[in-house]
Amino acid sequence: MTSVQYSGGCLCGAIRYHADVEPKFTFNCHCRDCQKSSGGAYAPLAFFAQSQLSIQGDVKYYQSLGASGKIIQRGFCANCGSNLLGLPELAAGLISIRAGTLDDPEMFQPKFEIFTSQANEWDILNPDIQHFEYGAEKKK
């Protein structure tokens with residue numbers, strides 16, 4: 001049996017991360033906070049349990065208020081500026097990685113899109129996955 005390996009890092013290579021498990025959640029977030037922090041239309045995010053993601057290097061964190069109204073800490077490389085990680089208060093115990101920082105970004109398969117109500121007119125939403133105007137609804 002082949003183990004799954006999600007690995008990636010920043011542009012300059014000073015920070016690396018690795019997980020041997022599938023992510024718990026994968027989605028695209030179109031909130032304004034993610035747009036600003038990514039510099040793009042949305043943030044493609046894969047979430048892991050913090051204990052399942054190994055990180056090497058000196059990650060710097062910036063804290064802001066997310067669209068959920070909760071604090072999110074975004075981890076980046078102080079050397080090259082790559083935005084790599086997220087620690088959202090809303091999902092305690094989980095950490096997100098930005099799919100564009102994966103060594104093999106094709107591994108990322110978003111299951112849904114959130115905060116589509118804040119998507120830009122020029123943004124193209126994936127018609128093959130579920131959309132949520134705001135955050136994803138919790139299963140009962």
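Relevant structure appears above.
What you see is a predicted model, and the numbers here were worked out from it, not measured in a lab.

Q: Explain the nonpolar core residue by residue, including any values.
A: With 18 residues, the main nonpolar core has Phe-48, Leu-53, Leu-85, Ile-97 and Leu-102 as its most contacted residues. Within the residue set of this core, elements represented by two or more residues are strand S2 (16-19), strand S4 (43-49), strand S8 (83-88) and strand S9 (94-98). Per-element accounting of this core gives the leading share, 3 residues, to S8. When neighbours within four sequence positions are excluded, Leu-85 is seen to be in contact with Leu-53, Ile-55, Val-59, Tyr-61, Gln-73, Arg-74, Gly-75, Ile-95, Ser-96 and Ile-97. By size, the runner-up hydrophobic cluster in this structure holds 12 residues, among which are Cys-34, Ala-43, Leu-45 and Phe-132.

Q: Tell me what's going on with the pattern of salt bridges, and back it up with residues and numbers.
A: If you walk through the whole model with that rule in mind, you get 3 salt bridges. Between Asp-103 and Arg-16 there is a salt bridge, and its shortest N-O distance comes to 2.6 Å. Placement of Asp-103 in the loop between S9 and strand S10 (112-114) and of Arg-16 in strand S2 is noted, with a sequence separation of 87 residues between them. Among the ionic pairs, Asp-33 bridges to Arg-74, the shortest N-O distance being 2.7 Å. Residue Asp-33 is located in helix H1 (residues 32-38), and its partner Arg-74 is located in strand S7 (residues 71-77); the two are separated by 41 residues in the primary sequence. According to the relative accessible area criterion, Arg-74 is buried, its value standing at 6%.

Q: An account of empty space enclosed by the protein is needed here, citing residue identities and associated values.
A: In this structure the tally under the stated criterion is 1 cavity of 30 Å³ or more. When its volume is computed, the largest cavity comes out at roughly 40 Å³. If you go around the largest cavity, the residues you meet are Cys-34, Leu-45, Ile-72, Arg-74, Leu-85, Gly-86, Ser-96 and Arg-98. When residues of the lining of the largest cavity are traced back to their parent elements, those giving at least two are S7, S8 and S9.

Q: Describe the layout of surface pockets, listing the residues and the values that go with them.
A: There is about 820 Å³ of room inside the largest pocket. Breaking the lining of the largest pocket down by element, the ones donating at least two residues are strand S3 (25-29), H1, S4, S7 and S10. Tallying contributions element by element places S3 first for the lining of the largest pocket, with 4 residues.

Q: So what about the pairing of S2? Which residues, and what values?
A: Burial of the side chains of S2 is restricted to one face: Tyr-17 and Ala-19 are buried, whereas none of Arg-16 and His-18 on the reverse face is. Where S2 and strand S5 (residues 54-56) come together, 3 bridges link them in antiparallel fashion. Each residue of the ladder has a partner; that of Arg-16, found in S5, is Gln-56.

Calculation rules
Each chain has its residues counted from 1, following the order in which its sequence is written. Only residues with pLDDT of at least 70 get local features here, since the model is predicted, and only at 80 or more are side-chain atom pairs given and counted; chain-wide, interface and lining totals rely on the full set of residues. Heavy atoms from the whole structure form the basis of all side-chain values; hydrogens and water molecules are not counted. Only buried Ala, Val, Leu, Ile, Met, Phe, Trp, Tyr and Cys residues count toward a nonpolar core, and they belong to the same one when joined by side-chain atoms within 4.5 Å. Relative accessibility decides the category of a residue: with a 1.4 Å probe and only protein chains considered, values under 20% of the type maximum give buried, values over 50% give exposed, and everything between is partly exposed. What counts as a helix is a DSSP run of H or I of at least four residues, what counts as a strand is a run of E of at least two, and both are numbered from the N terminus. The contact criterion used throughout is that any non-hydrogen atoms of two residues lie within 4.5 Å. Any Lys or Arg side-chain nitrogen found within 4 Å of a carboxyl oxygen on Asp or Glu counts as a salt bridge. Computed over the protein atoms alone on a 1 Å grid, cavities are sets of points where a 1.4 Å probe fits but cannot get out and pockets are open sets with protein on both sides within 12 Å along at least five of seven lines; a residue lines them when it has an atom within 4 Å of a point. Grid points are joined across faces, edges and corners, and a volume is the space filled by probe spheres set on the points. Strands are labelled as partners when DSSP assigns at least two bridges between them.

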